[in-house]
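Descriptive analysis of the structure
The residues making up each chain are set out below.
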Amino acid sequence: MTIVGVISDTHGLVRPEALEYLAGSDIIIHAGDIGSDVVIRNLQAVCPVVAIRGNIDKGSFGGQFPETEVVEVGGKLIYMIHNIDEIDLDPAAAGFDVVVYGHSHMPKSETREGVLYFNPGSAGPRRFKLPVALGKLHIGDSEIIHETHVIA
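Since the structure is predicted, the reported quantities are computational estimates derived from the model, not experimental observations. (Residues numbered from 1 in each chain as written. Predicted model: local features only at pLDDT ≥ 70, side-chain atom pairs only at ≥ 80, totals over all residues. Heavy atoms only, no water.)

**Considerations on the packing of aromatic side chains**
For clarity, the cut-off: Aromatic rings from Phe, Tyr and Trp, taking only the six-membered ring of Trp, are treated as a pair when their centres fall within 6.5 Å; an angle between ring planes under 30 degrees marks them as stacked, one over 60 as edge-to-face, and anything in between as tilted. Each residue gets one of three labels from its accessible area relative to the maximum for its type: buried under 20%, exposed over 50%, partly exposed in between, using a 1.4 Å probe on protein chains only. Whether a charge sits over a ring depends on NZ of Lys or CZ of Arg being within 6 Å of the ring centre and within 35 degrees of the ring normal.
Tallied over the full model, the rule gives two aromatic pairs. Ring centres of phenylalanine 61 and phenylalanine 65 lie 5.4 Å apart, and the angle between their planes is 65°; this geometry places the pair in the edge-to-face category. Of the two residues examined, phenylalanine 61 and phenylalanine 65, each falls in the buried class. In this arrangement the basic side chain of arginine 112 is found over the ring face of tyrosine 117, its NZ or CZ atom lying 3.7 Å from the centre. Against the face of tyrosine 21 rests lysine 136, its NZ or CZ located 4.4 Å from the ring centre.

**So, the pairing of strand 9 (residues 133-139)**
We apply this condition: Secondary structure counts use DSSP, requiring at least four H or I residues in a row for a helix and at least two E residues in a row for a strand, with both numbered from the N terminus. A pair of strands counts as paired when DSSP detects no fewer than two bridges linking them.
Most of strand 9 sits inside the fold, with seven of its seven residues counted as buried. Residues of strand 9 alternate between two faces, with Ala133, Gly135, Leu137 and Ile139 on one and Leu134, Lys136 and His138 on the opposite face, all of them buried. Relative to strand 9, strand 1 (residues 2-7) runs antiparallel, the two sharing five bridges. By the bridge assignment, threonine 2 is partnered in strand 9 with isoleucine 139. As paired strands, strand 9 and strand 10 (residues 144-150) are joined by seven bridges and run antiparallel to one another. By the bridge assignment for strand 10, alanine 133 is matched with valine 150.

**Notes on the pairing of strand 8 (residues 115-119)**
The side chains of a regular strand alternate between both faces of the sheet. Most of strand 8 is tucked away: five of the five residues are buried. The side-chain alternation of strand 8 yields two buried faces, one formed by Val115, Tyr117 and Asn119 and the other by Leu116 and Phe118. Pairing analysis gives three bridges linking strand 6 (residues 98-100) to strand 8, with the strands arranged parallel. The residue bridging valine 100 from the neighbouring strand is phenylalanine 118, located in strand 8. When strand 7 (residues 108-112) meets strand 8, the two strands line up antiparallel, connected through five bridges. When the bridges of strand 8 are listed, glutamate 110 appears paired with tyrosine 117. As consecutive antiparallel partners, strand 7 and strand 8 are separated by two residues, and within that stretch glutamate 113 has a phi angle of approximately 50°, a positive value.

Purely geometric stuff here, so don't read any function into it on its own.
Take a look at the structure:
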């Protein structure tokens with residue numbers, strides 16, 4: 001199995017607990033609202049990172065990241081977008097296996113038309129009474145297992 005660490009909405013903060021949880025990942029994907037280069041550097045110390053920009057990632061910092069990205073892991077296609085409400089394609093028709101998104105700060109997973117929609121939640125500063133969370137995808141030849149990890 002290939003392990004994909006999934007993180008979003010860090011808003012400039014990478015908690016030591018998040019780095020500890022992501023250790024052992026083969027790749028990390030960040031679903032936007034990164035907040036600073038420090039976040040990317042800390043994640044890259046764990047393993048390779050693919051990141052997209054979120055609504056707070058502005059200017060030259062945000063411009064270095066695409067709005068969406070497609071990642072192939074273990075023969076499975078992952079479509080990344082920050083705000084799921086802005087998706088402008090049909091993931092099932094496009095052949096995607098997973099859609100990873102953020103923005104809402106609320107962990108969520110559901111399968112629709114054979115596609116896993118996975119929001120790891122927010123791993124950055126606590127917002128309202130929402131949990132501080134991130135996740136992983138375990139990708140095998142015939143299955144994708146997802147997990148959400150609540151830090152606080």
